[in-house]
Amino acid sequence: MTRARKPLRSAAWFGKLDKDGFAHRSWMKTQGLPHHLFDGRPVIGICNTFSELTPCNAHFRELAEHVKRGVYEAGGFPLEFPVMSLGESNLRPTAMLFRNLAAMDVEESIRGNPIDGVVLLAGCDKTTPSLLMGAASCDLPAIMVSGGPMLNGRFRNETIGSGTVVWKFSEDVRAGDMRLDDFLEAEASMSRSAGSCMTMGTASTMASMAEALGVTLPTNAAIPAVDARRSVLAHMSGRRIVGMVREDLRLSRILTRKAFENAIRVNAAIGGSTNAVIHLLAIAGRIGVDLSLDDWDRIGGDVPCLVNLMPSGKYLMEDFYYAGGLPQVMNELGNMLHRDAPTVSGRAVGDNIAGAVCYNREVIFPADRPFKPQGGVAVLRGNLAPNGAIIKPSAATPALMKHRGRAVVFEDIEHYKARVDDPALDIDETCVMVLKNCGPKGYPGMAEVGNMGLPAKILRKGVRDMVRISDARMSGTAYGTVVLHVAPEAAAGGPLALVRDGDMIELDVAARRLHLDASAAELKRRMAAWTPPVPAMASGYQALYVDRVLQADRGCDFDFLVGMRGAAVPRESH
Ligand code: FES
C-alpha cells in the first residue's frame, strides 16, 4: 500500500497512540475491522442517501458496495454513513423544505468524523444539491455517484415517462376513458426498475449538472440505474477518490466559476429543469463562487437545446445514454464550454469528452441543427419582480411570450384549489393566473405548484396554456408559459403580494419585463394595508426555515449556511 504524502485528516483520530486513539480505534473494531486498516491509509466516507422512503435511492446499499470495492482496491479504507434522505414522491409538504436540513446533516457528518475524502451517493431530486452543498462547505476531496435513471416506462407496448403520464392517466380515469385496473397496471409499468425519474426532470437534470460541474466521472448522468456499467462507475469512483485524497483535489479546485458557467450552458443544452437555477446558486454560495441569477440568462440564454427528451421532447434517459449521453452533448457545445476546467477525473473537461460519439441524432441533435433554438432560462424583472423571476422559453407557448392580461389572483394554494373550477370564476384564456404565498417562506419550502392547472372550463375549450405567475417552483417534468421564482416572494412582502383581481399585467420575455400596471403610489398604499401571512408552525424546524431562508434569487439557502467553513475540528471528543 502506498502511504499518503502528507498527514491525513483521519490521523488525528486513528493515528494517535494514546487514550483517544485507543477509543477511536477500539469501538470501530466492533465491526470486525482489522488493525491494519488504521495504518494511515485514506479513510473514505461513503455518504449514503439510501432510504426505502426515497424509492429512487432504494438501491444505494448495493451501489455503496461497489464503491467500497474500488476504495479497497486503491488502498483506501471505506466507511459508509447515512444522511437524511429526501424522497420527492412521498415527503410533505415538499422535499425542498428539507434540502437545507439535509445539507446541514451532510456538512456536520463529514466534518465531525475521521474522513479524508467522501463519495456522495445521490439520486432523487434534492439529494444531489443537499450533498453538494454540505460537502462544499467542508471542502474535502469529494466525488459524486448518481443512482441513475429508471429504465424506460413501458405500458402495453407504449413508452411512458415518469411523471408526465400521471396527469394524463388520472384525467382519463376521471373522464371514464380508463378503467381503475388499467390505471393500477400503469403505475407498475411506469416505474419498473430501480432508479430515479427517467425523463429530463429535476433528478436527471441535477445528475447532469453534477457531471457538467466536473464532480462526477464522465457518463455519470445517464447510465441506467440497473445497468452493470453503473456499478462499474461506482467502483471506479471509489478508486478515484483515494487518488483525489492523495492529490488533495478538494471541491474548491473543481467548483470554480468556470465549472458553474459550464453547468449553466449544459442545462440549456439538455433542456434542463428550472430547479437547477436555485440549486446551483446555493452550491455556488457554499463554495464562495459569485454566481447571480442574471448569469443564467447572460451565460445560458442563447444556448440551443440539443436533447430530444421528455418533457420537452420524445425520448427518455435510457435512450439518451445509448445515444452518447452527456459527454456527447458537451462535445457538441464545443467552445461554448470552458474545456480547460478541471474535474474529479484528474483531467480537464475537454479531455473527458474528447472521444464522445453520437449514436442517435434523433436523441442528441448537433449544435448547428438544434432540437430547439433556445434552451436556457430567461430572467425577468420589473415592478412585479424587483429581484427577478424566471421563465423557460422552450417550455412556453411562443404566442404568449408577449402578453398583457387581466390578473386572476389566488391568495394561496388552498384558495386556488377551492376557486379554480368554480363556474362563477371570472376568467378566460387571455387572463393571467397569479398564485401567491407558495415561495420559500410562504408554502413553506417553495413547492412545485407554479404550473397550476388551467380552469376546467378553459380546458374544455381546447386551450392548454395560459400565462401563470407565482413565487413557486415547478416540476422538472412540467411545461407552459409559467413565470416562476418571483422574488421577493409574496410572504416576504414582495410586490406579488399586492396584486389584485382585475389588475393588468404585462409579460414581455424578449424585453425581459414583468410589469404590474399600477402606480408606485397605489402600490405604496396597498403595502401599508398588507399584513404578512401567519406561518403554519410557530416553532420547530419550519419556524427556523421561515425565519432564515434566503429568497429564490439567492438559492433558498439559509443565511447562516452560506459559505465554506472547512473541515477543521480542533477539539477532541473526549
Ligand atoms: Fe425521485 Fe422523481 S421522484 S427522481
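Placed above this text is the structure.
Residues numbered from 1 in each chain as written. Predicted model: local features only at pLDDT ≥ 70, side-chain atom pairs only at ≥ 80, totals over all residues. Heavy atoms only, no water.

### Looking at the overall build of the protein chain
Using the following cut-off: Secondary structure is summarised from DSSP: a helix means a run of H or I of at least four residues, a strand means a run of E of at least two, and numbering begins at the N terminus for each. Here the globule rule reads 2.2 Å times residues to the power 0.38, and the radius of gyration is calculated from C-alpha atoms. For every residue, the accessible area obtained with a 1.4 Å probe (protein chains only) is divided by the maximum for its type, and the residue is called buried under 20%, exposed over 50%, and partly exposed between those limits. Residues are treated as being in contact if the distance between any of their heavy atoms lies within 4.5 Å.
Scanning the protein chain for helices and strands turns up 20 helices and 14 strands. Since a compact globule built from 574 residues should have a radius of gyration of about 25 Å, the 24 Å found for the protein chain is in line with a globular shape. Dimensions of the protein chain, computed from the C-alpha atoms along their principal axes, are close to 75 × 55 × 50 Å. Within the protein chain, the proportion of its 574 residues that are buried is 61%. For the protein chain, contacts bridging at least 24 residues in sequence account for 76% of all contacts bridging at least 6.

### Thoughts on the packing of helix H8 (residues 202-213) against helix H11 (residues 257-269)
For the record, the criterion: For helices, the fitted axis covers only the stretch in contact; all axes are lines through C-alpha atoms, and the angles between them, taken along N-to-C directions, range from 0 to 180 degrees. Working definition: roughly parallel below 35 degrees, roughly antiparallel above 145 degrees, roughly perpendicular at 65 to 115 degrees, and oblique for all remaining angles. Crossings are assigned a handedness: left-handed for a near helix turned anticlockwise from the far helix by less than a right angle, right-handed for a clockwise turn.
It is the contact of H8 with H11, at a shortest axis distance of 8 Å, that shows an interaxial angle of 140°. Judged by the angle between their axes, H8 and H11 are oblique. Viewed along their axes, H8 and H11 form a crossing whose handedness is right-handed. The residues of H11 that touch H8, namely those facing Thr205, Met209, Ala212 and Leu213, are Ala259, Phe260, Asn262, Ala263, Val266 and Asn267.

### Regarding the packing of aromatic side chains
Quick note on the threshold: In this scheme Phe, Tyr and Trp rings, the latter by its six-membered ring, pair at centre separations within 6.5 Å, and the angle between planes marks the pair as stacked below 30 degrees, edge-to-face above 60, and tilted otherwise.
Summed over all chains, the structure comprises 12 aromatic pairs. With a centroid separation of 5.4 Å and 15° between ring planes, the pair formed by Phe558 and Phe560 is classed as stacked. Judged by its relative accessible area of 0%, Phe558 falls in the buried class. A network of ring pairs unites the aromatic residues Phe98, Tyr541, Tyr545, Phe558 and Phe560 as a single cluster.

### Focus on the pattern of salt bridges
Basically, it comes down to this: Each salt bridge in this description consists of a side-chain nitrogen of Lys or Arg and a carboxyl oxygen of Asp or Glu lying within 4 Å of one another.
As enumerated under the stated definition, the model contains 43 salt bridges in all. The closest approach of N and O atoms between Asp125 and Lys126, which form a salt bridge, is 4.0 Å. Here Arg406 and Asp426 are joined by a salt bridge, their closest N and O atoms 3.5 Å apart. Of this pair, Arg406 sits in strand E9 (residues 402-410) while Asp426 is found in the loop between helix H17 (413-419) and strand E10 (432-435), placing the two residues 20 residues apart along the sequence.

### What about the sheet that holds strand E1 (residues 43-48)?
To keep things clear, this is the line we draw: Strand pairing requires that DSSP identify at least two bridges connecting the strands.
If you trace the four strands from one edge of the open sheet to the other, you get E2-E1-E3-E4, paired in parallel fashion. Edge positions in the sheet fall to strand E2 (77-82) and strand E4 (142-146), since each has one partner strand and no second. Sheet twist, expressed as the average angle between the axes of neighbouring strands with direction ignored, equals 20°. Here strand E3 (residues 117-122) pairs with E4 via five bridges, running parallel. Residue pairing for E4: Leu121 is matched across the bridge by Val145. Seen against the sheet, helix H9 (residues 228-247) touches E1, E3 and E4 and runs at an angle of roughly 175° to E4.

### Comments concerning the pairing of E4
Applicable threshold: Whether a crossover is right-handed comes down to one check: with the strands pointing away from the viewer, does the path from the first strand over the helix to the second run clockwise; if it does, it is right-handed.
When you tally the buried positions in E4, you get five out of five residues, the bulk of the element. Residues Ala142, Met144 and Ser146 line one face of E4 and the alternating positions Ile143 and Val145 line the opposite face, and both faces are buried. Following the chain from E3 across helix H5 (residues 127-138) to the adjacent parallel E4, one finds a crossover that is right-handed.

### As for the nonpolar core
Generally speaking, nonpolar side chains in soluble globular proteins are found buried as a group. Which entries qualify depends on this criterion: Definition used in this section: a nonpolar core is a set of buried Ala, Val, Leu, Ile, Met, Phe, Trp, Tyr and Cys residues joined via side-chain atoms within 4.5 Å.
Core analysis: the largest hydrophobic core is formed by 105 residues, its most contacted members being Phe260 and Phe320. Counting residues per element, this core draws most heavily on helix H12 (residues 275-287), which supplies eight residues. Every residue in contact with Phe260, bar those within four places of it in the chain, is listed here: Leu213, Leu255, Leu280, Ile283, Ala284, Ile287, Val289 and Leu291. With 29 residues, the next largest nonpolar core counts Ala385, Val409, Val483 and Ala518 among its residues.

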